[in-house]
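# Descriptive analysis of the structure
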Amino acid sequence: MTTVRVNSTDNVVSFDTDALVVGVHSGPEGLLPAPGAEGLDEALGGRLATTLGAVGFNGKPGEIAKLPTFGALTAPLLVVVGLGDAPEGDHDTEALRRAAGTAVRALAGTTRVALALPTADARQAEAVALGGLLGAYSFTRYRTNGEQPAPVVELTVLSDAEGAEDAVGRAATVSESVSLVRDLVNMPPSDLWPARFAEIAEETGSEAGLSVQVLDEKQLKEGGYGGIVAVGQGSANPPRLVRLAYIHPEAAKTVAFVGKGITFDSGGLSLKPSASMDWMKSDMGGAGAVLGALVAIARLGLKVNAVGYLCLAENMPSGTAQRPSDVFTSLAGKTVEVLDTDAEGRLVLIDGIARAGRDNPDVIVDVATLTGAQIVALGWRTAGVMANDDELREQVVEVAGRQGEAAWGMPLPEELRKGLDSPVADIANLHPDRFGGMLTAALFLREFVPEGVRWAHIDMAGPAFNKGEPHGYTPKGGTGAITRTLVGLAERYAG
Ligand code: BES
Ligand code: MN
Ligand code: ZN
């Protein structure tokens, strides 16, 4: 695991490290060293800009140049990351996270890395630390050839900002949670089935001081969790519902988070084509984010009550699987006709949402890799946010933005609700029209939100898993998306 600490900026030139990272801005007048890099140019004989020009470095975000220092600095390697045009005011924290992540990712195999990026205040120091830590993530437990370079061992954030120590400590806590979520998403479904996920939640949750309760398939059936049971009944690995609770004695508010935890989504009898199946190990990313967030909330000691529900099931076809046209009774008491067994996420979530209502929360937020339609509407990196309350939706979008997690508010058009009417049950799980599929899924969920409770739904089908190349602090595979947004939301409701 990568460690992080803070050091003052007095001795950047002579700082003892294997690689020193600085930022450089692009601009109309050429390259401009960012705060943190000022003293270095002099030590390099004023040749920083010409050297960078010679290697074709423009200072754009995502750009990186590795320069040998030939003894001009104690660090043998100077790593320059592009920060884009110099901002008028404060540095954007997401730009700092990405720059730190890009640098640390490119330095895998290096032991000690010092980050001399702009840290005018504690928030920026936290961003630099978090970006660096998340950029150091790697998932190698299934590799036997040892060819992967080891992640950076020791990060130092060079900063004189007031409160930098605490800020960097917070970054370490959050990074640990995000890394846990990434690991869970990356784990093959042969090693992560509902009961195993529940065990991991029990272990990590109790260690963080959460109270953890697990319902097994028998208790789910007896308790009336018709949706979770219906989705899980086709698998040899039965379903679970995990409840995580963090109680602060001085808390005034309670937030409830509900995560979709399909450890593998084959589609069930409405089987998916192979090409869209292999990455369905990521279909538990919502439950991962809820677990990661609850662990971070407890470790940070936020003055809020937080409960988290992990709706865990494996969606498989078999002789015991639910059939298209089956009807079940959900925990809320409403009956549901299952027209498509691949629209399973909404079936487990409605039981989690109804259960969360019993905690009398001020707000319920569910997180799910719910629809391919989210990716069609917003692309791979931007989550969709829907709510039964405009202010809450805007709050979720705003909090996500502050964490650098792209999210966009989407509507719940009333005219689409009618399409969910079932000829036999209270509601059907499929809308006949696939257009607006992200919205009809949310309209389905809305029907199960307890009366009078503010509720928001985050569809992160795209953001949960990076099928493309790594970028910034985001690796290939599991991203840990929305974990930080949930922590940020809990902070909003904390006293
Ligand atoms: N887990 C999928 C959604 C998904 C798709 C997540 C792509 C990540 C990437 C979900 O259970 C699903 O299958 N949704 C269907 C719903 C449809 C049958 C109404 C979909 O989006 O096609
Ligand atoms: Mn599905
Ligand atoms: Zn699914």
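Just so it is clear, the model here is predicted, and its values are computed rather than measured.

Secondary-structure assignment places Asp265 in strand β10 (residues 254–265). Of the polar contacts made by the side chain of Asp265, one reaches the side chain of Asn315; its length is 2.8 Å. Discounting chain neighbours no more than four positions away, the residues touching Asp265 are Lys272, Met277, Met280, Asp283, Asn315, Asp342 and Glu344.

For the manganese ion (ligand 2), the full set of protein donor atoms is Asp265 (OD), Asp342 (O), Asp342 (OD) and Glu344 (OE), at a range of 2.0 to 2.2 Å. Because the angles between the 6 donor atoms bound to the manganese ion (ligand 2) fall within 71 to 169 degrees, the donor set is best described as irregular. Here the donor residues for the manganese ion (ligand 2) map to a single chain with the spacing D-x76-D-x1-E. Between the manganese ion (ligand 2) and the zinc ion (ligand 3) the interatomic distance comes to 3.2 Å, and Asp265 is a ligand of both metals. Residue Asp265 is found in strand β10, and its partner Glu344 is found in the loop between β13 (335–338) and α10 (345–357); the two are separated by 79 residues along the sequence. Just as Asp265 is buried, Glu344 falls in that class too.

For the rest of this paragraph, the subject is the coordination of the zinc ion (ligand 3). In this structure, Lys260 (NZ), Asp265 (OD), Asp283 (OD) and Glu344 (OE) serve as the protein donors to the zinc ion (ligand 3), at separations of 2.0 to 2.4 Å. Of note is the zinc ion (ligand 3), whose 6 donor atoms meet at the metal with angles of 78 to 172 degrees in an arrangement that counts as octahedral. What makes Lys260 buried here is its relative accessible area of 2%. Classification of Asp283 by relative accessible area gives buried; the value is 2%.

On the basis of which strands lie adjacent, the open sheet formed by 3 strands has the order β12-β13-β17 and mixed pairing. The sheet is open, and its two edges are formed by β12 (326–329) and β17 (427–428), each paired on a single side. Relative to β17, β13 runs parallel, the two being bridged by 2 bridges. Its bridge partner being in β17, Val336 is matched across the sheet by Ile427.

Here the focus is the domain arrangement of the protein. Partitioning the protein into domains gives domain 1 (3–160) and domain 2 (176–493). Using only C-alpha atoms to locate each centre, domain 1 and domain 2 end up separated by 36 Å. At the junction of the two partners, domain 1 supplies 16 residues and domain 2 supplies 17 residues. When domain 1 packs against domain 2, close to 1400 Å² is buried across both sides, 56% of that on carbon and sulfur atoms. Between domain 1 and domain 2 we count 1 salt bridge in total.

We now examine the site of ligand 1. Around ligand 1 sit 17 residues in total, of which Lys272, Asp283, Asp342, Glu344 and Gly372 are the nearest. In isolation ligand 1 has 510 Å² of accessible area, and contact with the protein removes 81% of it. For the shell around ligand 1, the elements supplying multiple residues, two or more each, are β10 and α11 (372–378). When its residues are assigned to classes, the shell around ligand 1 shows 6 nonpolar, 3 polar and 8 charged.

Applying the stated criterion across every chain yields a total of 31 salt bridges. Put simply, Asp265 and Lys272 hold a salt bridge, and the shortest N to O gap is 3.8 Å. The same class applies to Asp265 and to Lys272, which are both buried. A salt bridge links Asp421 to Arg417; its shortest N-O distance comes to 3.1 Å. Assessed through its relative accessible area of 15%, Arg417 is described here as buried.

This brings us to the pairing of strand β7 (residues 154–158). Within β7, 4 of the 5 residues are buried, leaving the element largely enclosed by the surrounding structure. Here strand β6 (residues 112–116) pairs with β7 via 4 bridges, running parallel. Bridging from a neighbouring strand, Val113 pairs with Leu155 of β7. What joins β6 to β7 is helix α4 (residues 122–135), and the crossover it makes is right-handed.

This brings us to α10. Taking 1.5 Å of rise per residue, 13 residues should cover 18 Å, and α10 covers 18 Å from first to last C-alpha, within 8% of that figure. Most of α10 is tucked away, with 13 of its 13 residues classed as buried.

A separate point is the sheet that holds strand β14 (residues 363–368). As summarised here, the arrangement of the 8 strands in space is β8-β9-β11-β10-β14-β18-β15-β16, forming an open sheet in which the pairing is mixed. Edge strands, defined here as strands with exactly one partner in the open sheet, are β8 (211–215) and β16 (407–409). Each strand axis lies, on average, 20 degrees off the axis of its neighbour in the sheet, ignoring direction. Two elements, strand β15 (residues 383–387) and strand β18 (residues 454–459), share 4 bridges in a ladder whose sense is antiparallel. Its bridge partner being in β18, Ala387 is matched across the sheet by Ala456.

Each value, and the rule that gives it
Residues numbered from 1 in each chain as written. Chains lettered and ligands numbered in written order. Predicted model: local features only at pLDDT ≥ 70, side-chain atom pairs only at ≥ 80, totals over all residues. Heavy atoms only, no water. Helix = DSSP H or I, 4+ residues; strand = E, 2+ residues; numbered from the N terminus. Polar contact = N/O pair within 3.5 Å; in protein donor to acceptor, adjacent residues only side chain to side chain. Contact = heavy atoms within 4.5 Å. Donors = N, O, S within 2.8 Å, 3.2 Å for Na, K, Ca; no water. Tetrahedral: all angles 85-135°; square planar, octahedral: opposite > 155°, others 65-115°. Buried < 20%, exposed > 50% of the residue type's maximum accessible area, 1.4 Å probe, protein only. Pairing = 2+ DSSP bridges. Domains from an automatic or database assignment. Buried area = accessible area lost by both parts, 1.4 Å probe. Salt bridge = Lys/Arg side-chain N within 4 Å of Asp/Glu carboxyl O. Near = heavy atom within 4 Å. Areas by Shrake-Rupley, 256 points an atom, 1.4 Å probe, with all protein chains shown as cover. Nonpolar A, V, L, I, M, F, W, Y, C, P; charged D, E, K, R; others polar. Right-handed = clockwise from strand over helix to strand, strands pointing away. Expected span 1.5 Å × (residues − 1). Axes fitted to C-alpha atoms, helices over the stretch in contact; angles between N-to-C directions.

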